[in-house]
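# Reading the structure
As a plain string of letters, each chain reads:
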Amino acid sequence: MRPIKRLAVILFVLAGWTGIYCSSLSFLLKSFAQASAPASATGQKSEPVAKGQPEGKPAGKSEKAKAASSSAKAAQILDETYQLALNAKPAVKVEILSQVANTMKEVDKTRAGKIYQTAFEATQELPADDTNKRAQAQSELAVGFADIDVESALALAMRVEETPPADKPDIMMSLFGRGNTNFRAQAIQQVASKVGEKDLSRAVLLILPTLQNRDFPFDAVMPLLMKLQRSAPDQANTLFGEMIRQFSAGNPSFMQTVMFATATRVFANVNSNLALEAVDAVLQKIPELEEATMKEMMKNAPPGSSPQSMPFSFGAIIKMALVPTLKKLDPARGEALEKEIKPQMESMDKMTGGMFSSGMNMDFDSSEPPEKQQQKFFDGLDPQKFPESQRGAMSNVMAMSLADLNPQKALAFAEYATDERQKTLALAAIAGGFASSDKERARSLLSDAASAAEKIKGKPDRAVIFTMLAESAVKIDRTLAPGFYATAFENYEQAFDELSQSVSSEKERSANTQKRKELSNRESRAIAGYANVNFDDAVERARRIGDERQKLLTLVQLARRILVPADLPSVLQFIDAPTPQTLPDRSL
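Residues numbered from 1 in each chain as written. Predicted model: local features only at pLDDT ≥ 70, side-chain atom pairs only at ≥ 80, totals over all residues. Heavy atoms only, no water.

### So, the packing of helix α23 (residues 459-476) against helix α24 (residues 481-499)
- The interhelical angle for the contact between α23 and α24, taken along N-to-C directions, is 160 degrees, at an axis separation of 8 Å. In terms of orientation, α23 lies roughly antiparallel with respect to α24. As α23 runs across α24, the sense of the crossing is left-handed. Touching Lys459, Pro460, Arg462, Ala463, Val464, Phe466, Thr467, Leu469, Ala470, Glu471, Ala473 and Val474 of α23 are Ala481, Phe484, Tyr485, Thr487, Ala488, Asn491, Tyr492, Gln494, Ala495 and Glu498, all from α24.
- Residue composition of the contact of α23 with α24, grouped by class: 14 nonpolar, four polar and four charged. (Axes fitted to C-alpha atoms, helices over the stretch in contact; angles between N-to-C directions. Helix = DSSP H or I, 4+ residues; strand = E, 2+ residues; numbered from the N terminus. Parallel < 35°, antiparallel > 145°, perpendicular 65-115°, else oblique. Left-handed = near helix turned anticlockwise from the far one by under 90°. Contact = heavy atoms within 4.5 Å. Nonpolar A, V, L, I, M, F, W, Y, C, P; charged D, E, K, R; others polar.)

Okay, structure coming up:
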């Protein structure tokens, strides 16, 4: 297998293992915590505490005045964005109206509800193409509306258009179920989960007819099942039993199957017979699923490759998710299954630096909080365990991924990073990760990263790195942030100027257009972060963005930046900036 293909496979395994198995465990743990929490912690929102005001004490007049001023400023920006969106192209119009409504909920729920309905009607202007964008937009709007008016949201969910299944899903659809979703069922399930906060029985009645679905409803159904297993076990058994039947009769994706396999652990303590039935249903699906998935993988493999040459097995990953359930309910079967997949596990461990086994050792039934289990997972990671030929590339990825979650571990990986540009970006991010735990170390790392960044020559790379330096400086020493942002914006301008130079071929023009789009996305991210330093200037910069969609997205997220100050990570993530090929993206 060629080096680039081998790296792609390893990165896929890394992303697949951490993003599928561990994320599914994390999701179930979170669902369990939400279902176990009292109503005041889950279903009811407490009054916001004014910024800088100790919790439990009433906000003073100055804090209330400041909050009112901030809300008014945000509402003004949202009104401006709303009016501009009404005259935008249909796709941009629907997307921006949806985001305006999502943010307007923080200011005026009644107005937000009207905007959701306006946006829903505007979806009729979208073409009903094979990507199902119209139905997806309708589904998202109905779900967003549920926070304001559940009954009206349910009425919208019932109006979401039915979409046909994809005729020939590609490999990503086969793995993750993307593009093959029944959006009406998804909307009803999500809104029904809101109904379940007050009426569990009605929620079950709403969800049961939707289970014949091409995208299995874990995020909507699992929290509901967690509540039912305590308060109404008979209904929980009915719902889970129907899920098993629909899973067996359907064509679940790889991701959905791993999630379902992991979910069996929840019911091992509640209904052992149903849990074993679910295990058997998954085991029966594996041969068919593995054959279809491997067939898609082979379409993109180098000449001469075969399923036997692949260094891992999709079936083994699914079986691994079943091992803990079987070892609890039927120890002999569990140990036999674990022995069967041991060679595959060892192969996966070699490629992923032991992450495969570390994930398996996460104890779902432990009384420890999810954060502590996550910490144990990170403690088991070691860059030395990665294959030497891939250590540098994998270390780049891990250093960025762990920068906020575990900066100490991220720093250990950064030492093995081989690309100086990527290493500099990682150090800038890690500096921010240390901001709350070790200010002195954070300052030192920020200084080192800034010195290294000065040596980077490419304007786009410099712009991205100085943006990250500025974001970290906001956490460490705000006085440094304006200078970093100024350098970043200067490099963005110079990069745009370079891309504006005349080109001789259509291919070059097309490449330049794509580069400008990526650079514009990155600049929007920088502007969103810059709002922490100089909000009014950030708004003016947003208004000067040439791309209509990018400008409106940035404006609405700046409004959100005022209303939800702690929500910067989601603001930056929402801008959804594609990564320049020379730099790794950072999961926020």
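### Description of the pattern of salt bridges
- Inspection of every chain in the model, using the stated rule, returns 24 salt bridges.
- Arg543 is the salt-bridge partner of Glu80, the closest N and O atoms lying 2.8 Å from each other. With Glu80 in helix α3 (residues 61-86) and Arg543 in helix α26 (residues 535-543), the pair connects residues that are 463 residues apart, well separated along the chain.
- Overall, the relative accessible area of 25% leaves Glu80 in the partly exposed class. (Salt bridge = Lys/Arg side-chain N within 4 Å of Asp/Glu carboxyl O. Buried < 20%, exposed > 50% of the residue type's maximum accessible area, 1.4 Å probe, protein only.)

### Let's talk about a negative patch on the surface
- Taken together, the side chains of Glu490, Glu493, Asp497 and Glu498 define an acidic patch exposed on the protein surface.
- Mapped onto the elements, Glu490 comes out in helix α24.
- The class for Glu490 is partly exposed, based on a relative accessible area of 43%. (Patch = residues over 30% accessible without salt bridge, like charges linked within 9 Å, V, L, I, M, F, W, Y side chains within 5 Å. Areas by Shrake-Rupley, 256 points an atom, 1.4 Å probe, with all protein chains shown as cover. Lys, Arg positive; Asp, Glu negative; His and termini not counted. Charge placed at Lys NZ, Arg CZ, Asp CG, Glu CD.)

### A look at the packing of helix α25 (residues 506-530) against helix α27 (residues 548-563)
- Look at α25 against α27: their axes get within 10 Å of each other, and the N-to-C directions meet at 20 degrees. The angle between α25 and α27 falls in the class roughly parallel. Crossing of α25 against α27: the hand is right-handed. Contacts from Ser520, Asn521, Ser524, Ile527 and Ala528 in α25 reach Gln550, Thr554, Leu558 and Arg561 in α27.

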